[in-house]
Amino acid sequence: ADRLFEIEAPIIAEIGGGYGGIVTKTKKRYPKARFIIFDLPELLAVQTYYIYKTFPNANILFLKDILERGDKIFTEDFDFIILPGWMIDQIPDKFIDLVINMRSMMEMSLSVINFYFTHIQRTVKSNGLFACFNRYHKKSNSDEDIVLKDYPFDEFWKPIISQTSIVQNHIHDLIIKRQTGKSDFHIQDMLRSVPPF
């Protein structure tokens, strides 16, 4: 991730932000980084509260700002934009330097995963990164099999890290980099060797 932060103010998107722990820690370490958080509406209040407590002077934008001013908000001087997940379709193309998904895709339905992937693959800059740390396999609430190696990765990703999580052996840590040309081998080919078999 070192190349990423050579730029002055990277734009980092987190899908499924939990209580806001990752973005606040990252903001402390990279004060000029800017963050866009996508989550379920009922969780956005928790993240908003936590971020305000941690950065009382931060410039935080919300759904109402995008409804008022449209995608102009992405060119404004924000620290955080906090949005419901479906608003990821408003992000400009090739806009994001790093997308983080920590253990929340495994909680989604296949159709929601497909929706997010469409927009991750559209919005990540060339040489941008996607950090995807999720379970190898999980049954969704609607009894779908959510299988990491079947996520709809396209052919423009190059693996940087692919390993079983040191902390939890049912989680895979995958960090991939966006390419302008097709990769020599497909991420899904590389993931064939991971569970479930």
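Residues numbered from 1 in each chain as written. Predicted model: local features only at pLDDT ≥ 70, side-chain atom pairs only at ≥ 80, totals over all residues. Heavy atoms only, no water.

Participant: Is there a simple way to explain the overall build of the protein chain in this structure?
Facilitator: Scanning the protein chain for helices and strands turns up five helices and 10 strands. The C-alpha radius of gyration of the protein chain comes to 16 Å, within 12% of the 16 Å expected for a compact globule of 197 residues. Seen through its principal axes, the protein chain has C-alpha atoms that stretch 50 × 35 × 30 Å. With an accessible surface of roughly 10000 Å², the protein chain has 54% of that area assigned to carbon and sulfur atoms. Charge separation in the protein chain, taken as the distance between the mean sites of 24 positive and 25 negative side-chain charges, equals 4 Å. (Helix = DSSP H or I, 4+ residues; strand = E, 2+ residues; numbered from the N terminus. Rg over C-alpha atoms; globule rule 2.2 N^0.38 Å. Areas by Shrake-Rupley, 256 points an atom, 1.4 Å probe, with all protein chains shown as cover. Lys, Arg positive; Asp, Glu negative; His and termini not counted. Charge placed at Lys NZ, Arg CZ, Asp CG, Glu CD.)

Participant: Would you take a moment to explain the packing of aromatic side chains for this structure?
Facilitator: Aromatic rings in a pair are described by how distant their centres are and how their planes are angled relative to each other. In the structure shown here, the tally under the stated rule is 10 aromatic pairs. On the numbers, 5.7 Å between centres and 70° between planes, the contact of Phe-74 with Phe-95 is edge-to-face. You can see Phe-74 sitting in the loop between helix H3 (63-69) and strand E4 (80-84) and its partner Phe-95 sitting in the loop between E4 and strand E5 (96-102), a full 21 residues away along the chain. Using a relative accessible area of 14% as the deciding quantity, one classes Phe-95 as buried. An aromatic cluster of at least three residues, connected via ring pairs, comprises Phe-117, Phe-130, Tyr-151, Phe-153 and Trp-157. Above the plane of the ring of Phe-80 lies Lys-27, whose end atom (NZ or CZ) is 5.9 Å from the centre. Above the face of the Trp-157 ring, Arg-178 is positioned so that its terminal group lies 4.6 Å from the ring centre. (Phe/Tyr/Trp six-rings, centres within 6.5 Å; stacked < 30°, edge-to-face > 60°. Buried < 20%, exposed > 50% of the residue type's maximum accessible area, 1.4 Å probe, protein only. Lys NZ or Arg CZ within 6 Å of the ring centre and 35° of its normal.)

Participant: Honestly, the nonpolar core in this entry has me stumped. Any pointers?
Facilitator: One broad trend across soluble globular proteins is that nonpolar side chains are buried collectively. Ranked by size, the top nonpolar core spans 59 residues in total, and within it Ile-36, Phe-130, Tyr-151 and Phe-153 carry the most contacts. When residues of this core are assigned to their parent elements, the largest contribution, six residues, is made by strand E6 (residues 124-135). Apart from residues no more than four positions distant in its own chain, Phe-153 is found in contact with Phe-117, Gln-121, Phe-130, Leu-148, Leu-174, Ile-176, His-186, Ile-187, Gln-188 and Leu-191. (Core = buried A, V, L, I, M, F, W, Y, C linked by side-chain atoms within 4.5 Å. Contact = heavy atoms within 4.5 Å.)

Participant: Please clarify how the sheet that holds E4 should be interpreted in this entry.
Facilitator: Strand pairing in a sheet relies on backbone hydrogen bonds, with the paired strands running either antiparallel or parallel. A sheet is described by the order of its strands in space; here eight strands give the open sequence E3-E4-E2-E1-E5-E6-E10-E9, paired in mixed fashion. Looking at the sheet topology across the chains shown, the edges are occupied by strand E3 (60-62) and strand E9 (157-164). Geometrically, the sheet is characterised by an average inter-axis angle of 15° between neighbouring strands, direction not taken into account. Two elements, E3 and E4, share three bridges in a ladder whose sense is parallel. Within E4, the residue paired with Phe-62 across the bridge is Ile-82. Helix-sheet contacts for helix H1 (residues 21-29) involve strand E1 (11-15), strand E2 (34-39), E4 and E5, and the interaxial angle to E2 is about 180°. Along the sheet, helix H4 (residues 110-123) contacts E1, E2, E5, E6, E9 and strand E10 (171-178); its crossing angle with E6, the most-contacted strand, is approximately 150°. (Pairing = 2+ DSSP bridges. Axes fitted to C-alpha atoms, helices over the stretch in contact; angles between N-to-C directions.)

Participant: What exactly am I supposed to notice about the pairing of E6 here?
Facilitator: Side chains on a regular strand alternate between the two faces of the sheet. Relative to E6, E5 runs parallel, the two sharing six bridges. Its bridge partner being in E6, Ile-96 is matched across the sheet by Val-124. Crossover E5 to E6 through H4 is right-handed. Pairing between E6 and E10: seven bridges, direction antiparallel. Its bridge partner lying in E10, Ala-131 is registered against Ile-175. (Right-handed = clockwise from strand over helix to strand, strands pointing away.)

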